Number of protein chains: 2
Amino acid sequence: MTIEDWQVKAQKGKDLLHNSVPKQWLVPTEQLPSVTQKNVTDFPRQSGLLTEREIIITESSATELVKGMGKGGLTAEEVVVAFLKRSVLGHQLLNFATEFLAEEAIARAKELDEYYKKTGKLIGPLHGVPISVKEHVGFKNKTCHTGYVAWVDRVVNEDAHLLQLLHKAGAVFHVRTNQPQALMHLCSENNITGKTHNPYNRTLTPGGSSGGEGAALGFRCSPLGIGTDIGGSIRGPAAFCGGYGFKPTSMRNPMVGIHVAALGQESIHGVVGPMGPASIEDLELFQKAVLEQEPWENETSLVPLPWKTITPNRDITVAIMWDDGVVRPHPPVTRGLQLAKEKLVAAGIKVIDWEPYKHEKAWGIISTLYYPDAAGLQRQMLRKSGEPALPLSEWAFSYGPPNPLTHHETWDLQFKRDVYRDEYNALLKSRGVDFIISPNYPGVAAVMGESHYWNYTAIWNLLDFPAVTFPSGLKVDLNLDAVTEEYKSYVPRNAADEKEWRRYEGPERYENAPIALQVAGRHFKDEETLAASKILEEIIRDGKKGPAI
Amino acid sequence: MTIEDWQVKAQKGKDLLHNSVPKQWLVPTEQLPSVTQKNVTDFPRQSGLLTEREIIITESSATELVKGMGKGGLTAEEVVVAFLKRSVLGHQLLNFATEFLAEEAIARAKELDEYYKKTGKLIGPLHGVPISVKEHVGFKNKTCHTGYVAWVDRVVNEDAHLLQLLHKAGAVFHVRTNQPQALMHLCSENNITGKTHNPYNRTLTPGGSSGGEGAALGFRCSPLGIGTDIGGSIRGPAAFCGGYGFKPTSMRNPMVGIHVAALGQESIHGVVGPMGPASIEDLELFQKAVLEQEPWENETSLVPLPWKTITPNRDITVAIMWDDGVVRPHPPVTRGLQLAKEKLVAAGIKVIDWEPYKHEKAWGIISTLYYPDAAGLQRQMLRKSGEPALPLSEWAFSYGPPNPLTHHETWDLQFKRDVYRDEYNALLKSRGVDFIISPNYPGVAAVMGESHYWNYTAIWNLLDFPAVTFPSGLKVDLNLDAVTEEYKSYVPRNAADEKEWRRYEGPERYENAPIALQVAGRHFKDEETLAASKILEEIIRDGKKGPAI
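No experiment lies behind these values; they were computed from the predicted model shown.

Q: Before we go on, may I ask you to explain the overall build of chain A in this structure?
A: Of the regular secondary structure elements, chain A holds 19 helices and 13 strands. The principal-axis extent of the C-alpha atoms belonging to chain A is close to 60 × 60 × 50 Å. Within the span of chain A, comprising 549 residues, buried residues form 65% of the whole. When contacts within chain A are restricted to residue pairs at least 6 apart in sequence, long-range pairs at least 24 apart make up 80% of them. For chain A, the distance from the average site of its 59 positive side-chain charges to the average site of its 66 negative ones is 2 Å.

See below:
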């Protein structure tokens, strides 16, 4: 086998990762579960490789950790060490990291402990909270390859604005996480550090493009993480891995220093937001810590909207979108929505059914606007190194038009996007609906390589609605989710529908996968959407938080 | 002479205008001033064609008119009739209108008077205020040609969102106003209704593209008007015609239903804002009336920032930009800035000199982003009817690149735009500057056809800073503004500089033109910028408002 130039280059990224793994916590291969073991979420507890205290720490929410450190019962150092140990284990099982930051993280934690010892105070609202960071969020003087072999040598000269703010709030960055080639798979494979697996079932993808974060939260390698989302890249992984994710309205969270090939592309704004294993409260903690620092004072693309504290309110109308009219969800996803409806109705929440509004047309707009240049820039990035396009990259590129659009065609689509946004908004208002509960994806998670239909999440990107993903508390059940005669006799509406329908051969294919829900609210109603999601989750899950499966 | 097809088509626009003029107020040509009379601002008063009461009404501010109607001392009907009469006169002298709306306006005014009679209350904050409207702001069931012959038949099916809100606030729309071909001259000539003149000196342009509004405010044909601005189109005409104009930060005032060829172009956002002859208070009245109706509730591209009431504050630092480092201003413009500095310093305001930051580079970014398609769309619009491109259209088109940019090149410029915005913002903060006073244009106004250099206004569009134009109270003075030896011996920095320098052969060329100032504030500091401008104007003009020349 000849080694290609791009492989030599890609090896640098592998080496960077390999050299960064804190060796003292590596577990000999023979102590790891067999590669055929699908669900590895119990391994930290069962293996005895973490102490009981480390288990407790790593299974706490960020909010609880901060509280613990505020009372002096926990140190930032032991917290980050526990998460680092669990991250090394998780990485061995799931290949979710691109770089460990162990030394810096421990040094930072010690600094925070010093500060606390001296002042008796926490340095900020995220004091000592380990945060994992998707790789393309740039760290000063560190490589930032964004999943492209061509950029495996690129070092950035400033911390991303978001990282600066989180640092000031007391965060500790301990590990950087994997993403797919070109950042546009709902899966996480690239030609540098390879493929990331889903901790609940390693034959499944953790989702993407923030799939390293998905795996990290599913395995509890960090209490909070940073994902980015232009079509579902926060919510897909959060859903597939049983956790929480928040895609804010664009122009709220700071984007400077997050590196993508198409910097300056703004037909569809990518956003950055929090992900985590534990609670919606933690997502709010993150948002508040960032926005109370008024990032718009320095990053002028942001809107100067302070983060509001919302008193949760049960007097809301929620609509359930059972099906987007394009691709029918799989049985367990529908079961998750049924649970939601039953519980909410029983709790006296006003629930109606949501008739989707032209989602196929919406997909036509957003999928074309991802690549008005026919993905020319992305292909150029691949050509630069000679790395091959992965199948899911080709799939994403194929969303775009065969040839670059003219500027006029692009403007026309942007105009249609805005008209669609106003129409959808008017529909919510005329139907009296505050929030829409929907699937995150046709299935509970995709089998590796099969994540093709994104529009259960991308619809809210096109609309620029804030959206929250959280676990329903259910998982795939071999009995309850068996294929029925009704399901078998379904006549698909189109090729995408047929593909997803056929994939659900039975619950076995998705064994143990968590069932997630998604709540979307109107443009700029970020605080309201998080507050409502907290209430809805509480009702749907009888007050339980966290993955709970 | 052969009549071309496009001329036949253009005639429809002329006919529309001609047929809409309320004939009862037309003045026989022989009673009008000679065509060689440059300054016609005194004509309404001197001619005796308006009653004393009509003169008082038409020389009142919108705020005063509303107050008068609120006390019952004025009727909306007599107000609109007075402005209609003055508008007909103004139109005969300046050719500023594209369509009169006399019947609808009078009917609407009667409705408001009825309402007041019945309830004793005003219907809203703009009760009975006649508002003139730039033609491309669409009226339901009316033609909207946007200065293109090709669109002279185009009828729109809904009132612009802004008009709906102003209507609810009580406004009366009485006349639609002229704009240049392709909307991109700092002048107002098109192939449909021709060229608009400056009431202070009819050899000068009223500016553009909201030049019909400029002439209207200079002649006091309306107490408030609606202009749009993507490079100076509100501020140029306000400055050239001795009035007031406000360009808000983008995404605050509603844009739906304002018709341009490049709908969906958003590299540089066009904005809509108020213009008027009387006061900054009137600009605030307009803004508050619009934003207190929460337009973002229906137009989701807007940012949900309620209009704040700001307590004016003298504890501000103001910087004066004497020269943008690219094109040197003419002597009277510099004299206006000198007056500002003297008065402000004497009043104890902290004033520093502003060293401009890379304005030439900024012009490179914005001028390319106006036409990333090499003005292909605009040229196509001209080809559709066969109308010739006017010289200033060709001039504007020549800003763009010779060939369409790729998407990647456009994104790259958008990225550079954002970096430049953040750098400029950081500079203001590091220099401790709250507001920048600058010229609006190298000269006080352009001689017809000579409006070539826009970057004293466009710089704030690129930065998306709110900016207010107001009169300094001075006008061109044949003695004070004489050409000096120093001026003659100036060595221009570049071709644009040389062109503008040579144009100032002496004050006679710009006789009687008002000298204006421009105040820009930071992104989204719209309320602060208006409040500060009010204080600054008060100091600079010793409390006088209005054109005062």
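Q: Which parts of the structure should I look at to understand the interface of chain B and chain A?
A: Many structure descriptions define interface size as the accessible area lost when the parts assemble. In this assembly, 40 residues from chain B lie in contact with 40 residues from chain A. At the junction of chain B and chain A, the tally comes to eight salt bridges. The interface formed by chain B and chain A holds 19 residue pairs in polar contact (both at pLDDT 80 or more) in total. Of all elements in the fold, only helix H13 (376–385) and helix H15 (407–430) of chain B reach the threshold of two or more residues within the side of chain B that touches chain A. The leading source of residues in the side of chain B that touches chain A is H15(B), at 13 residues. Among the residues making up the side of chain B that touches chain A, the classes are represented as 14 nonpolar, 14 polar and twelve charged.

Q: It is not clear to me how the confidence of the model for chain A should be interpreted in this structure. Could you clarify?
A: Interpretation of this model should avoid reading the predicted coordinates in detail wherever pLDDT is low. Residue and element names in this part refer to chain A. Scored by pLDDT, chain A has a mean of 97; 99% of the residues are at 70 or more. Predicted confidence in chain A is weakest over helix H2 (residues 43–47), with a mean pLDDT of 95, and strongest over strand S2 (residues 130–134), with 99. Confidence estimates for the predicted assembly give a pTM of 0.97 and an ipTM of 0.97.

Q: Quick question: what am I supposed to make of helix H7 (residues 161–168) of chain B here?
A: An α-helical turn contains 3.6 residues, so a residue and the one three or four places further along point in the same direction. Residues and elements named next belong to chain B. Restricting attention to buried positions, one finds in H7 the residues His161, Leu162, Leu163, Leu165 and Leu166. In the core, the buried residues of H7 are packed alongside strand S2 (130–134), strand S3 (172–177), strand S6 (224–229), strand S8 (271–276) and helix H10 (280–291). Looking one or two places after H7, you find Gly170, whose phi comes out positive at around 105°.

Q: Would you take a moment to explain the packing of helix H12 (residues 359–370) of chain B against H15(B) for this structure?
A: A pair of packed helices can be characterised by two numbers: the angle between their axes and the separation between those axes. Residues and elements named next belong to chain B. Axis separation between H12 and H15 bottoms out at 10 Å; the angle between their running directions is 140°. By the angle class used here, H12 and H15 are oblique. H12 and H15 meet at a crossing whose hand is left-handed. Where H12 abuts H15, its residues His359, Ala362, Ile365, Thr368 and Leu369 lie against Thr410, Leu413, Gln414, Lys416, Arg417, Tyr420 and Tyr424.

Q: Help me understand the relation of the copies chain B and chain A in this model?
A: Each of the two chain copies can be brought onto the other by rotation about an axis and movement along it. Laying chain B over chain A is done by rotating through 180° and shifting 0.0 Å along the axis; what remains is an RMSD of 0.0 Å. Seen this way, the second copy is the image of the first under a two-fold rotation axis. A symmetric contact is evident, with 100% of the interface residues of chain B recurring at the interface of chain A.

Q: Help me understand the packing of aromatic side chains, please; the structure alone is not making it clear to me.
A: Aromatic rings considered in pairs are described by the distance between their centres and by the relative angle of their planes. In this structure the tally under the stated criterion is 45 aromatic pairs over all chains. Look at B:Tyr420 and B:Tyr424: their rings are 5.6 Å apart centre to centre, the planes differ by 65°, and that puts the pair in the edge-to-face class. Of this pair, B:Tyr420 and B:Tyr424 both sit in helix H15, four residues apart, which is roughly one turn of the helix. Taken as a pair, B:Tyr420 and B:Tyr424 share a single burial class, namely buried. Ring geometry for B:Tyr504 versus B:Tyr510: centroids 5.8 Å apart, planes at 10°, classification stacked. The two residues B:Tyr504 and B:Tyr510 agree in class, both being buried. Joined through ring pairs, the aromatic side chains of A:Trp363, A:Tyr370, A:Trp395, A:Tyr399, A:Tyr453, A:Trp454 and A:Tyr456 make up one cluster. The aromatic ring of A:Phe219 is capped on one face by A:Arg86, whose charged end is 5.7 Å from the ring centroid. Over the ring of A:Tyr490 we find A:Arg328; its NZ or CZ atom is 4.7 Å from the centre of that ring.

Q: I tried to follow the UniProt feature "active site" (unreviewed entry) in chain A on my own but got confused; where do I start?
A: Residue and element names in this part refer to chain A. The residues that UniProt annotates with the feature "active site" (unreviewed entry) are Lys134, Ser209 and Ser233. Spanning 100 residues, the named residues nonetheless gather at one spot, since no C-alpha pair among them exceeds 10.8 Å. Along the chain, the position of Ser209 falls in the loop between strand S5 (194–195) and helix H8 (211–219). Here Ser209 is in contact with Lys134, Asn178, Gln179, Pro180, Leu183, His185, Cys187, Ser188, Thr228 and Ser233, once residues within four sequence places are set aside. Of the polar contacts made by the side chain of Ser209, one reaches the backbone oxygen of Leu183; its length is 3.4 Å. Position of Ser233 relative to the elements: it lies in the loop between strand S6 (224–229) and helix H9 (235–240). Ser233 gets classed as buried once you look at its relative accessible area, which sits at 7%. Those residues in contact with Ser233 that sit more than four places away from it in its chain are Lys134, Leu183, Gly208, Ser209, Ser210 and Thr228. Side chain to side chain, Ser233 and Ser209 meet in a polar contact 2.8 Å long.

Q: Mind showing me how you'd approach the pattern of salt bridges here?
A: Where charged atoms from two side chains of opposite charge come close, those side chains can pair. For the structure on display, the rule yields 76 salt bridges over all chains. A:Asp323 is the salt-bridge partner of A:Arg493, the closest N and O atoms lying 2.9 Å from each other. Of this pair, A:Arg493 sits in the loop between helix H17 (485–488) and helix H18 (495–503) while A:Asp323 sits in the loop between strand S9 (317–320) and helix H11 (331–346); the two residues are 170 residues apart in sequence, bridging distant segments of the chain. Assessed through its relative accessible area of 21%, A:Asp323 is described here as partly exposed. Between B:Glu485 and B:Lys488 there is a salt bridge, with its nearest N and O atoms 3.4 Å apart. Here B:Lys488 and B:Glu485 lie together in helix H17 (residues 485–488), a separation of three residues that amounts to about one turn.

Q: What am I meant to see in the pairing of strand S12 (residues 467–475) of chain B here?
A: Across a regular strand the side chains alternate sides, sitting on one face of the sheet and then on the other. Residues and elements named next belong to chain B. Inspection of the sheet shows strand S7 (residues 244–247) paired to S12 by three bridges, in the antiparallel sense. Looking at the pairing, Gly245 lines up with Thr469 of S12. In this sheet, strand S13 (residues 514–521) lies alongside S12 in antiparallel orientation, the contact comprising six bridges. Directly across from Pro471, in S13, lies its bridge partner Ala516.

Q: How should I be thinking about the pairing of S2(A) in this particular structure?
A: All names here are of chain A. Within S2, five of the five residues are buried, which leaves it mostly tucked inside the rest of the structure. Of the two faces of S2, both are covered, the one formed by Pro130, Ser132 and Lys134 as well as the one formed by Ile131 and Val133. Note: S2 against strand S3 (residues 172–177), five bridges, orientation parallel. Residue pairing in the sheet places Pro130 in a bridge with Val172 of S3. Following the backbone out of S2, through helix H7 (residues 161–168) and into the adjacent parallel S3, one traces a crossover that is right-handed.

Q: Would you mind showing me how to read the sheet that holds S3(A) here?
A: All names here are of chain A. With mixed pairing, the eleven strands of this open sheet are ordered in space as S1-S3-S2-S6-S8-S7-S12-S13-S11-S9-S10. For this open sheet the edge positions go to strand S1 (97–100) and strand S10 (350–353), each flanked by a neighbour on one side alone. Across this sheet, the average inter-strand angle for adjacent strands is 25°, counted without regard to direction. The sheet contact formed by S2 and S6 spans three bridges and is parallel.

Cut-offs used in this document
Residues numbered from 1 in each chain as written. Chains lettered and ligands numbered in written order. Predicted model: local features only at pLDDT ≥ 70, side-chain atom pairs only at ≥ 80, totals over all residues. Heavy atoms only, no water. Helix = DSSP H or I, 4+ residues; strand = E, 2+ residues; numbered from the N terminus. Buried < 20%, exposed > 50% of the residue type's maximum accessible area, 1.4 Å probe, protein only. Contact = heavy atoms within 4.5 Å. Lys, Arg positive; Asp, Glu negative; His and termini not counted. Charge placed at Lys NZ, Arg CZ, Asp CG, Glu CD. Salt bridge = Lys/Arg side-chain N within 4 Å of Asp/Glu carboxyl O. Polar contact = N/O pair within 3.5 Å; in protein donor to acceptor, adjacent residues only side chain to side chain. Nonpolar A, V, L, I, M, F, W, Y, C, P; charged D, E, K, R; others polar. pLDDT = per-residue confidence, 0-100. Axes fitted to C-alpha atoms, helices over the stretch in contact; angles between N-to-C directions. Parallel < 35°, antiparallel > 145°, perpendicular 65-115°, else oblique. Left-handed = near helix turned anticlockwise from the far one by under 90°. Least-squares fit on C-alpha atoms with pLDDT ≥ 70 in both. Phe/Tyr/Trp six-rings, centres within 6.5 Å; stacked < 30°, edge-to-face > 60°. Lys NZ or Arg CZ within 6 Å of the ring centre and 35° of its normal. UniProt positions renumbered as here; feature names shortened; annotations may be inferred. Pairing = 2+ DSSP bridges. Right-handed = clockwise from strand over helix to strand, strands pointing away.

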